[in-house]
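An overview of the molecular structure
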Amino acid sequence: MVKVLAVLYKGGQHAKDEPRMYGCLENELNLREWLESLGHTYVTTDSKEGSDSVLDREIVDAEIVITEPFHPGYITRERIEKAKNLKLLVTAGVGSDHIDLTAANERRITVAEATGSNVTSVAEHVVMTILALVRNFVPAHEQIINNEWDVAAAAKNSFDVEGKVIATIGAGRIGQRVLKRLIAFDPKELLYYDYQPLSPELEKELNVRRVDSLEELVAQADVVTVNCPLHESTHGLVNKDLLAKFKKGAWLVNTARGAICVKEDVAAALKSGHIRGYGGDVWFPQPAPANHPWRDMRNPYGGGNAMTPHISGNSIDAQIRYAQGAKNIIETFLKGSKDYRPQDLILIDGNYATSAYGADKKM
C-alpha cells in the first residue's frame, strides 16, 4: 500500500458549484474513492509554503506526490532529500519546471505529466489574448462597467489581426495549435522559432516559415507568442535586450511560464510604449504577490494589459482530461509495469525521457 500526496488549489464554494472542477482541493482530482478502494492513503492539501507546511510534513513518507502548474508545490532538492520513500512525481497538467529535475534524476525518481491534457485549452487562450490585445478589448470593456462611453479613446488603439505578422517562440504541441487556429484570421505571415524544425509537410500545412534567429523573429513580428518550456536556456529569455529588438508597438503574449519573461523589463517596455500590450496567465511566483508589476502595468494609452490568473490550461474540459491523465500515470506505477505513455515521461530510471527539459537543451 502506498501513500499519495497531492498539492492542489483551493476551490471553496466554486468547487461545490462545479463538481467537475477536479483540480481543486475539494474535488481532489477525482482520485480519492479509487485510491482508497485499493487500500492506499491519499492526503490532499493546498498548504505548500514554509517548513511547517503540510507538503513538508507529509512528503517525508509519501511514495507518490502530485502537483499542479496552477498552484505549484515547488519540489526542491531539500524536499526530495527528505522524502526517502518518494518514487513518482506527477504533474496534473503540463509543465514540470516546479520540480528540481536534477535532484529527482539523481534519486531515479520518475517524473511524469499529463501531456496533451490542456494543449487545446491553452491554444484557445493564446488566440483569445491576442484578440483582446490587438482589438484593445480590456479598456473598451472597462468603459462599460465604469458607466462610460468614449468610442475614440478605445478605437485609437484598436487594430485588426488580419494582415499582421504573428510569430511563436516554440512550435511544439501548443505552438502548432496556435498557428493552426490563426490561419483563419488571414495574417500577413506566420513565423516560428524553435531549436527543432517542423517537417516540410507540417510547415506547408500551417503555412508557417521558420526563422533561424530569435532576434530576427521578434524584429519582424507584430505579435509574438511564447509557447516554449521553462528550463535553463529559456529562463529570462525575454529581457530588455530582446525587447529592444521587438518591432515598436508589437504585442506580446505568454501562456508558457512567467519566468521566461523578466517582469520588470516587460513592464518597462509596456510603460514606454515600445510594446503595445502584454497578456497571458503565467506568473512567477504563483500566486502572484499584490505588488507584482504585471498586475497594474499599462501602456501610455492606459491599456495593453491582458493578464489573468493561471487559467489557460485549467478549463473544466482540461481538468477532466488532466485528472484522468494523472490517474493513468498512477495506475501504471501501481501495476509496476513502467508502461507509461512515452509522451508523459520527463524522467525515468535516472535519465531524461524528453528533449523538452534539461540543462543541455537550447532554444
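Heads up: the structure comes first, above all this text.
Residues numbered from 1 in each chain as written. Predicted model: local features only at pLDDT ≥ 70, side-chain atom pairs only at ≥ 80, totals over all residues. Heavy atoms only, no water.

1. Some remarks on the overall build of the protein
This is how it is decided: Secondary structure is summarised from DSSP: a helix means a run of H or I of at least four residues, a strand means a run of E of at least two, and numbering begins at the N terminus for each. Our radius of gyration is a C-alpha quantity, and the globule rule it is checked against amounts to 2.2 Å times the number of residues to the power 0.38. Here's how the labels work: a residue is buried when its accessible area is under 20% of the maximum for its type, exposed when over 50%, partly exposed in between, all with a 1.4 Å probe on protein chains only. By the convention used here, residues are in contact when the closest approach between their heavy atoms is within 4.5 Å. Each accessible area is a Shrake-Rupley result for a 1.4 Å probe, and residues are judged covered by the shown protein chains and nothing else. Residues scored as positive are Lys and Arg, those scored as negative are Asp and Glu, and His as well as the terminal groups of each chain are ignored. Taken as the charge location is NZ of Lys, CZ of Arg, CG of Asp or CD of Glu.
Of regular secondary structure, the protein possesses 14 helices and 14 strands. Its C-alpha atoms give the protein a radius of gyration of 21 Å, within 12% of the compact-globule value 21 Å for 363 residues. Each of the three principal axes of the protein carries a C-alpha extent, and together these read 65 × 50 × 35 Å. The buried share among the 363 residues of the protein stands at 54%. Look at the contacts in the protein between residues 6 or more apart in sequence, and 68% of them connect residues 24 or more apart. Put simply, the protein shows about 16300 Å² of open surface, and 50% of that area lies on carbon and sulfur atoms. For the protein, the distance from the average position of its 42 positive side-chain charges to the average position of its 48 negative side-chain charges is 1 Å.

2. Focus: the packing of aromatic side chains
Put simply, the rule reads: Side-chain rings of Phe, Tyr and Trp, where Trp is taken by its six-membered ring, are said to pair if the distance between their centres is within 6.5 Å; with planes under 30 degrees apart they count as stacked, over 60 as edge-to-face, and otherwise as tilted. A ring is considered to have a charge above it if a Lys NZ or an Arg CZ atom is located within 6 Å of its centre and within 35 degrees of its normal.
Taken as a whole and judged by the stated rule, the model has 4 aromatic pairs. A network of ring pairs unites the aromatic residues Y278, W283 and W294 as a single cluster. Stacked on the ring of Y301, the Lys or Arg K156 has its end atom at 4.3 Å from the ring centre. Directly above the ring of W283 sits R295, whose terminal nitrogen or CZ lies 5.9 Å from the centroid.

3. Description of the sheet that holds strand β2 (residues 41-45)
This is how the line gets drawn: At least two DSSP bridges between two strands are needed for those strands to be called paired. Each axis is a line fitted through C-alpha atoms, and for a helix only the stretch in contact is used; angles between axes span 0 to 180 degrees, taken between their N-to-C directions.
If you trace the 7 strands from one edge of the open sheet to the other, you get β2-β1-β3-β4-β5-β13-β14, paired in mixed fashion. If you trace the sheet from one side to the other, it starts and ends with β2 and β14 (351-352), each paired once. Alignment of strand β3 (residues 64-67) against strand β4 (residues 88-91), held across 4 bridges, turns out to be parallel. Across the sheet, residue I66 finds its bridge partner in β4, namely V90. Its contacts with the sheet place helix α14 (residues 316-335) against β3, β4 and β5 (110-113), and it is angled at close to 165° to β4.

4. Considering the environment of L131
Of note, L131 is situated in helix α6 (residues 119-134). In the structure, L131 is positioned 30 residues away from V161 in sequence and 7.1 Å away in space, judged by C-alpha atoms. When residues no more than four places from it in sequence are discounted, the contact partners of L131 are N136, V161 and F185.

5. Brief notes about the pairing of β5
Condition: By the criterion used throughout, a crossover qualifies as right-handed when its path from the first strand across the helix to the second strand runs clockwise, the strands pointing away from the viewer.
Alternating positions in β5 separate into two faces, T110 and A112 on one and V111 and E113 on the other, with burial throughout. Note that β4 and β5 share 4 bridges and pair parallel. Paired with L89 across the bridge in β5 is V111. In the classification by handedness, the crossover that spans β4, the intervening helix α5 (residues 101-106) and the parallel β5 is right-handed. Sheet topology note: the β5/strand β13 (residues 345-348) ladder contains 2 bridges and is antiparallel. Across the sheet, V111 pairs through a bridge with L347, a residue of β13.

6. Some details on the side chain of N254
The cut-off we apply is this: Contacts described as polar in this section are N or O atom pairs within 3.5 Å, which, within protein, must combine one atom able to donate a hydrogen with one able to accept it, while residues neighboring in sequence count only if both atoms come from side chains.
Along the polypeptide, N254 turns up in strand β10 (residues 250-254). Assessed through its relative accessible area of 0%, N254 is described here as buried. Looking at N254, its side chain comes within polar contact range of the main-chain oxygen of R257, at 3.0 Å.

7. Details of the sheet that holds strand β7 (residues 189-193)
Spatially, the 7 strands line up as an open sheet ordered β8-β7-β6-β9-β10-β11-β12, and their pairing is parallel. Each edge of the open sheet is held by one strand with a lone partner, namely β8 (208-210) and β12 (305-307). Looking at each pair of strands side by side, their axes are set apart by 20° on average, direction ignored. Judged from the 3 bridges that link them, β7 and β8 form a sheet pairing that is parallel.

8. With respect to a nonpolar patch on the surface
Inclusion rule: Surface patches are defined over residues having more than 30% relative accessible area and no salt bridge, joining like charges when they lie within 9 Å and nonpolar side chains (Val, Leu, Ile, Met, Phe, Trp, Tyr) when within 5 Å. By convention in these notes, a salt bridge is any Lys or Arg side-chain nitrogen within 4 Å of a carboxyl oxygen on Asp or Glu.
Together, I144, I145, W149 and V151 make up an exposed nonpolar region whose accessible area comes to about 520 Å². Its place among the elements puts I144 in helix α7 (residues 137-145). Look at I144 and you get exposed, because its relative accessible area is 51%.

Structural measurements only, silent on function.
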